[in-house]
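Below are the chains, spelled out letter by letter.
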Amino acid sequence: MTSPMTRRSVLASTAALTTAAALASCGADDDGNEVQEKIDNPGDNINAEGLPIVEEQVTLTFMSGRGPTTAEDWNEVGCMKEAEKLTNIHVDFGLAPSDGVGEKRNLALTSGDYPEVFYRTGIPAGDIAKYGEQGTFVPLNDLMDEYMPNLTAIMDDNPTIRDGLTFPDGHIYSAPQIYDKDFVGMRYMYKLWARQDWLDDFGMDVPQTLDEYEAYLEEAVNTVDGAIGIADASKFGDTLACLYGSFGVGNKGTAAGKVDLDEGSGELRYFPIADEYREMLEYLNGLYGRGLILEDIFSIDRAKFNTFGTDGLLASCATQTPAGFFGDEGDNYVPLRPLTKTSGDAPVWHAVRSELVGGGNFVMTDRCEHPIEAARWMDFWYSEEGARMFFMGVEGESFEEVDGRYELLPEITDGQSIGDGLKPYALYGGGSYPGWATDKWFRGVENTPQAIEGSELVKEYAIDDVWPAFTFTAEESEMMSTIGNDIDKYTDESRDAFITGQMALSEWDDYVQTLEEIGLPEYMEAQQAAHERRG
């Protein structure tokens, strides 16, 4: 393990960030007033509703992060070509590889040479708060109320989305990525699975308690040649989330990070120092010590995980759907309901994703020459027509309606993955998009039959109150990016070490004390302030 960060080192980091923020502010000027003037006086070229958005074509300039699974020229993608015809708006996407677009974005903001809109560049919430307060990023509240009826209707139906987008200054600065509240395949994405054929061979029922699960893993590892107990493709993160409900932590869903509510006191807590979390680590340490967890679980990648599954070696895994990754071997798996400590305990599922996946992928700047046009263009993608195009392409070219359901044409899926087939037509590939995903038009492993079966099973036991991620002031965000990052890093490293036995659980008090010294009290003060602002 690396040495934990000290309070002195994180304070030095904070000072460096403050200096960087001051330099970055030099890029902002009074252009925000000009944007407001354009909003207040839209002119004759803009249609306030309906299509086209403008009578005479205009061009919007973006900086966009292009994922490697998307087309090289987005203007040639079917949905974008069709959208340009419908809206009469051309977009200069300013494509940059997604793995380097963050650095390019930061340099543009620091220099003051930035576009009208940042699109799919993953602007962190801390930067949104900072540049929003400086006036570099334009509040979208008024534009949403007046010119974005599709997004507004979704937020009115799901107030959690609006709450999660609103920063402490009351402003919304970005258009969201949304999973429809009823899209079970996405909101209950990762589940635990076990092999039904092995259970049958062992004469075992599907595990319902932690002890039964452990007994199944032990039987598999000890009797099946080459068998691996548990693995996932996320360095064990997906498995841990699937066990949160079993141990009573993470009780506000996955987007809230490492904070939840103490069920005894009702107070906000950092649950990785809770007794329940320690109990979970003790359980997993016991499994790891007996070889029931993949030895290199914290370094495995997706390709290796898929190979283990395809080779028929995994007794259990946490994933969307084994059939979607393991071929025929995946058909042998059944989903597990939430595991309980004893047979008399009520099962509960905490691994629920927020409807608000995130923001930061459509942010308007004070350089925007066409703020209303940009807002209306973005809102088109939250309409049923636009969202369907974004995820499925163009009707008649890549999909068709069959018995009231939209289905991809056979040539899209024959002999290739859905992603490859849709690459010339749709633009959701690579994720991190502003948009509205539902099972009406999203086509991926998350809404295949086996995935839906597992999602429906855990949904029956799922928590109702799911928090989106908190938003922070610029000052709080600076602390979160220094002290907060150090806390997260030390917590994760210690978690892995406790599970593998590199740290003894007798060192728990020292672990908690180190977190206090790094700055956990200040971290929780900011979390508490954010929680109280939510009401």
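Please refer to the structure higher up on the page.
Presented here is an overview of the structure given in this document. (Residues numbered from 1 in each chain as written. Predicted model: local features only at pLDDT ≥ 70, side-chain atom pairs only at ≥ 80, totals over all residues. Heavy atoms only, no water.)

**Thoughts on the overall build of the protein**
For clarity, the threshold we go by: In this description a helix means any DSSP run of H or I spanning at least four residues, a strand means any run of E spanning at least two, and both kinds are numbered starting from the N terminus. Both definitions apply: the radius of gyration is a C-alpha atom measure, and the globule rule equals 2.2 Å times residues to the power 0.38. Residue contacts are counted whenever heavy atoms from the two residues lie within 4.5 Å of one another.
Within the protein one finds 23 helices and 16 strands. For the protein, the C-alpha radius of gyration of 24 Å lies close to 24 Å, the compact-globule estimate for 535 residues. Projecting the C-alpha coordinates of the protein onto the three principal axes gives extents of approximately 75 × 60 × 35 Å. Considering only contacts in the protein between residues 6 or more positions apart, those separated by 24 or more positions represent 77%.

**Details of the environment of His-531**
Checked against the element boundaries, His-531 lands in helix 23 (residues 520-534). For the pair His-531 and Ile-300, spaced 231 residues apart in the sequence, the C-alpha separation amounts to 35 Å. Not counting chain neighbours up to four residues away, the residues in contact with His-531 comprise Leu-261, Leu-268, Trp-467 and Phe-470.

**Regarding a negative patch on the surface**
What counts here: Exposure above 30% relative accessible area and the lack of any salt bridge qualify a residue for a patch; like charges then connect within 9 Å, and the nonpolar side chains Val, Leu, Ile, Met, Phe, Trp and Tyr within 5 Å. Under the convention used here, a 1.4 Å probe and the Shrake-Rupley method define accessible areas, while residue burial counts only the protein chains that appear. Whenever Lys or Arg places a side-chain nitrogen within 4 Å of a carboxyl oxygen from Asp or Glu, that contact is recorded as a salt bridge. The charged-residue count follows a simple rule in which Lys and Arg add positive charge and Asp and Glu add negative charge, with His and chain termini not counted at all. Note that the charge is assigned to NZ on lysines, CZ on arginines, CG on aspartates and CD on glutamates.
The grouping of Glu-395, Glu-400, Glu-401, Asp-403, Glu-411 and Asp-414 at the surface amounts to a negative patch. Positionally, Glu-400 belongs in strand 14 (residues 399-402).

**Here's the deal with the packing of aromatic side chains**
Where we set the bar: What counts as a ring pair is set by centres within 6.5 Å for rings of Phe, Tyr and Trp (its six-membered ring), and what kind of pair is set by the plane angle: stacked under 30 degrees, edge-to-face over 60, tilted for all other angles. We call a residue buried when its accessible area falls under 20% of the maximum for its residue type, exposed when it is over 50%, and partly exposed in between, using a 1.4 Å probe and counting protein chains only.
In the structure shown here, the tally under the stated rule is 37 aromatic pairs. A ring pair is formed by Phe-498 and Trp-508, whose centres lie 5.5 Å apart and whose planes are at 40°; its orientation type is tilted. Here Trp-508 lies in helix 22 (residues 508-518) and Phe-498 lies in helix 21 (residues 474-500), a separation of 10 residues in the sequence. For the pair Phe-498 and Trp-508, a shared accessibility class is recorded, and that class is buried.

**Looking at the state of the cysteines**
Here is the rule we go by: Criterion for a disulfide: a pair of cysteine sulfur atoms within 2.5 Å.
Summed over all chains, the structure comprises 0 disulfides. Note on Cys-317: no disulfide assigned, nearest cysteine sulfur contributed by Cys-242 at a separation of 9.6 Å.

**A word on the side chain of Thr-514**
The condition is simple: Here a polar contact means two N or O atoms within 3.5 Å. Within protein one must be a hydrogen donor candidate and the other an acceptor candidate, and residues neighboring in sequence count only if both atoms are side-chain atoms.
Here Thr-514 is to be found in helix 22. Reaching out from Thr-514, the side chain makes a polar contact with the backbone oxygen of Asp-510 at a distance of 2.9 Å.

**Focus on the side chain of Thr-482**
Checked against the element boundaries, Thr-482 lands in helix 21. Take Thr-482: its relative accessible area is 4%, and that puts it in the buried class. Here Glu-478 takes part through its backbone oxygen, which lies 3.0 Å from a polar atom of the side chain of Thr-482.

**A word on the packing of helix 21 against helix 23**
A packed helix pair is summarised by two numbers, namely the angle formed by the two axes and the spacing between the axes. Note the following rule: To obtain an axis, a line is fitted to C-alpha atoms, over the contacting stretch when the element is a helix, and the angle between two such axes runs from 0 to 180 degrees between their N-to-C directions. Any angle between 65 and 115 degrees counts as roughly perpendicular, while under 35 counts as roughly parallel, over 145 as roughly antiparallel, and the rest as oblique. Each crossing is labelled by how the near helix is turned from the far one, with a counterclockwise turn of less than a right angle marking it left-handed and a clockwise turn marking it right-handed. Nonpolar residues are Ala, Val, Leu, Ile, Met, Phe, Trp, Tyr, Cys and Pro. Charged residues are Asp, Glu, Lys and Arg, and all others, Gly as well, are polar.
Packing of helix 21 against helix 23 brings their axes to within 9 Å, and their N-to-C directions diverge by 125°. Put simply, helix 21 runs oblique to helix 23. In this structure, the crossing between helix 21 and helix 23 has a hand that is left-handed. Of the residues in helix 23, those touching helix 21 at Glu-476, Met-479, Met-480, Gly-484, Ile-487 and Asp-488 are Leu-520, Glu-522, Tyr-523, Ala-526, Gln-527, Ala-529 and Arg-533. Per-class residue counts for the contact of helix 21 with helix 23 are 7 nonpolar, 2 polar and 4 charged.

**Points about the layout of surface pockets**
Note the following rule: Of the grid points, spaced at 1 Å and generated over the protein atoms alone, those admitting a 1.4 Å probe that cannot get out make up cavities, while open sets with protein on both sides within 12 Å along at least five of seven lines make up pockets; any residue with an atom within 4 Å of a point is treated as lining. Grid points are joined across faces, edges and corners, and a volume is the space filled by probe spheres set on the points.
Its boundaries defined by the atoms lining it, the second largest pocket holds a volume of some 500 Å³. Of all the secondary structure elements, the ones that give two or more residues to the lining of the second largest pocket are strand 5 (177-179) and helix 19 (418-422). Ranked by residue count, the leading element in the lining of the second largest pocket is helix 19, at 4 residues. Classifying every residue of the lining of the second largest pocket gives 10 nonpolar, 9 polar and 4 charged.

**Some details on the pairing of strand 6 (residues 191-195)**
Our working definition: DSSP calls a pair of strands paired once it identifies at least 2 bridges connecting them.
Counting buried positions along strand 6 yields 5 of 5 residues, so the element is predominantly enclosed. Burial along strand 6 is two-sided: Lys-191, Trp-193 and Arg-195 and Leu-192 and Ala-194, pointing in opposite directions, are all buried. Summarising the sheet, strand 6 and strand 10 (residues 314-319) pair through 4 bridges and their orientation is antiparallel. Each bridged residue has a counterpart across the sheet, and for Trp-193 the counterpart in strand 10 is Cys-317. The pairing of strand 6 with strand 11 (residues 333-335) spans 3 bridges and is classified as antiparallel. Of the residues in strand 11, the one forming a bridge with Trp-193 is Pro-335.

**Focus: helix 16 (residues 371-380)**
Most of helix 16 sits out of view: 10 of its 10 residues are buried. Of the positions making up helix 16, those classed as buried are Pro-371, Ile-372, Glu-373, Ala-374, Ala-375, Arg-376, Trp-377, Met-378, Asp-379 and Phe-380.

**As for the sheet that holds strand 7 (residues 228-232)**
Across the sheet, which stays open at both edges, the 4 strands sit in the order 7-10-6-11 with mixed pairing between neighbours. Single-partner strands in this sheet number two, and they are strand 7 and strand 11. The mean inter-strand angle of the sheet, taken between neighbouring strand axes irrespective of direction, is 25°. Helix-sheet contacts for helix 14 (residues 302-310) involve strand 7 and strand 10, and the interaxial angle to strand 10 is about 140°.

**Details of the sheet that holds strand 5**
A sheet is described by the order of its strands in space; here 3 strands give the open sequence 12-5-16, paired in mixed fashion. Where the open sheet ends on each side, the last strands, each with one partner, are strand 12 (356-358) and strand 16 (435-437). Strand-to-strand twist across the sheet, computed as the mean angle between neighbouring axes with direction ignored, equals 25°. Of the strand pairs in this sheet, strand 5 and strand 16 are connected by 3 bridges, and their pairing is parallel.

Interpretation in functional terms is not warranted from these geometric data alone.
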